[in-house]
Amino acid sequence: MGLLDLFIASSIPVLKVLLVTGLGSYLASDSINILGDDARKHLNNVVFYVFNPALVCSNLAKSITYESMVKLWFMPFNILLTFIVGSVLGWVVIQVTRAPMHLRGLVIGCCSAGNLGNLFLIIIPAVCKEQGSPFGNPDVCHTYGMAYASLSMAIGAIYLWSYVYNIVRVSSCKSLMEVEISNSPKSSSSPSRKTWTEPLLSSDETGLALPRDQFDNNTPLVGVSDKIKHHLEKLFKKMNLKRLLAPSTIGAIVGFIVGLVPQIRNFLIGDTASLRVFQDTALLLGDGAIPAVTLIMGGNLLKGIKGSGIEKSVIFGIIVVRYVAMPLIGIGVVKGAVQFDLVHDDILYQFVLLLQFALPPAMNIGTITQLFGAGETECSVIMLWCYLLASVALTFWSTFFLWLLLQ
């Protein structure tokens, strides 16, 4: 596959994303105002509760079986490593750039969570059908490639909505509490007793509203067991388990169950399945996730262009992490796994594992910031630069990855 062919295969999916993003910005403009603030928030809720779970569940149930899971066991671990390494590098970016509190969750999220689903669903078919592709028969490549993309999307959704979602939530809530405390009058109470101001959001929205007596230094704690119980109560009150099991996470769990249990799979999956209408409906709903998320990002992008206080150093740090540091680390991880026979001998599979380290940030991070109303404009500017550079970065790393695999 020549450099020009690879450039076209890598650039076209990103250009599609940029075109739909531009349409979202146009629909959100003041002259059109179809995708205004309220419309984006309502569309975000539809994506969060309907489109994303349907997309993850339908593709996972259709592509994943017990045999493929045994064969692809390294992929969930590889994706976990991208989140761990990205989080560490994101923390370094925060320390170097001194990013404000309300953006720290966003920075870590952009560094750790790549676009593990949407881009693969577009890139894999495009690469497979290119003439001279090193992945062999286009139909076979498409079948296996979509299985890899579906698993990547499902695992990525679990990590995104259970980790990045809560990182952004905690960051935004801490920022709100700092604003409240700084704006509140000084308390005249005894210094031995801490004061607490209620957060701007309710406990149902943040999961962080805690009882006032929890901050009382005079709260009696008898014995070690009582202290452990006290700290566990604090932990469970801070953790919003309802949000931890986000709809996309539940959709991934359902997809795994349908795909891995033959009795259920035979009823739902396949042209002759008696209940195939449910799978077809889920696929139909899931198809709306990618354009909806991209339109929302375009609408938020317009808001970001009008004015954003984000430092250029933060954007530069995220770009360096995602397009320089992460791919180099990914080469070491995947090559090491191949060396120790942890990954089966499939060039397409290894290519997907490598590419998971070189992707732009997940577009659903914009959905998360929209849900909490924190860092929306900054997220849009970050996404703008990351996706503008994605065409060049993905082309370069795709070429380099293939050169490594074909040696």
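You'll find the structure just up there.
Residues numbered from 1 in each chain as written. Predicted model: local features only at pLDDT ≥ 70, side-chain atom pairs only at ≥ 80, totals over all residues. Heavy atoms only, no water.

Enquirer: Even after reading the chapter, I still don't get the overall build of the protein, so can you show me in this structure?
Expert: Each helix and strand in the protein was counted, giving 18 helices and 0 strands. Each of the 407 residues in the protein was classed as buried or not, and the buried ones make up 52%. The contacts in the protein between residues at least 6 apart in sequence include a share of 83% that link residues at least 24 apart. (Helix = DSSP H or I, 4+ residues; strand = E, 2+ residues; numbered from the N terminus. Buried < 20%, exposed > 50% of the residue type's maximum accessible area, 1.4 Å probe, protein only. Contact = heavy atoms within 4.5 Å.)

Enquirer: Help me understand the packing of helix 4 (residues 74–97) against helix 16 (residues 347–355) in this model?
Expert: Packed helices, taken two at a time, are described by the angle between their axes plus the distance between the axes. Contact geometry for helix 4 and helix 16: axes closest at 10 Å, N-to-C directions at 20°. By the criterion of interaxial angle, the relationship of helix 4 to helix 16 is roughly parallel. Crossing handedness for the pair helix 4 and helix 16: right-handed. Contacts between helix 4 and helix 16 involve Phe74, Met75 and Asn78 on the former and, on the latter, Tyr349, Val352 and Leu353. By residue class, the composition of the contact of helix 4 with helix 16 is 5 nonpolar, 1 polar and no charged. (Axes fitted to C-alpha atoms, helices over the stretch in contact; angles between N-to-C directions. Parallel < 35°, antiparallel > 145°, perpendicular 65-115°, else oblique. Left-handed = near helix turned anticlockwise from the far one by under 90°. Nonpolar A, V, L, I, M, F, W, Y, C, P; charged D, E, K, R; others polar.)

Enquirer: Could you clarify how one ought to interpret the packing of aromatic side chains in this entry?
Expert: What characterises a pair of aromatic rings is the spacing of the ring centres plus the angle enclosed by the ring planes. One pass over the structure, following the stated rule, counts 15 aromatic pairs. Centroid distance tryptophan 161 to tyrosine 165: 5.9 Å. Interplanar angle 45°. Geometry classified as tilted. On the criterion of helical spacing, the pair formed by tryptophan 161 and tyrosine 165 is a turn pair, its members being 4 residues apart in helix 7 (residues 138–183). Exposure class is identical for tryptophan 161 and tyrosine 165. Each is buried. (Phe/Tyr/Trp six-rings, centres within 6.5 Å; stacked < 30°, edge-to-face > 60°.)

Enquirer: What am I meant to see in the environment of histidine 42 here?
Expert: Relative to the helices and strands, histidine 42 resides in helix 2 (residues 37–63). With 329 residues separating them in the primary sequence, histidine 42 and leucine 371 have C-alpha atoms 9.9 Å apart.

In short, the description is geometric, and any link to function would need to be established separately.
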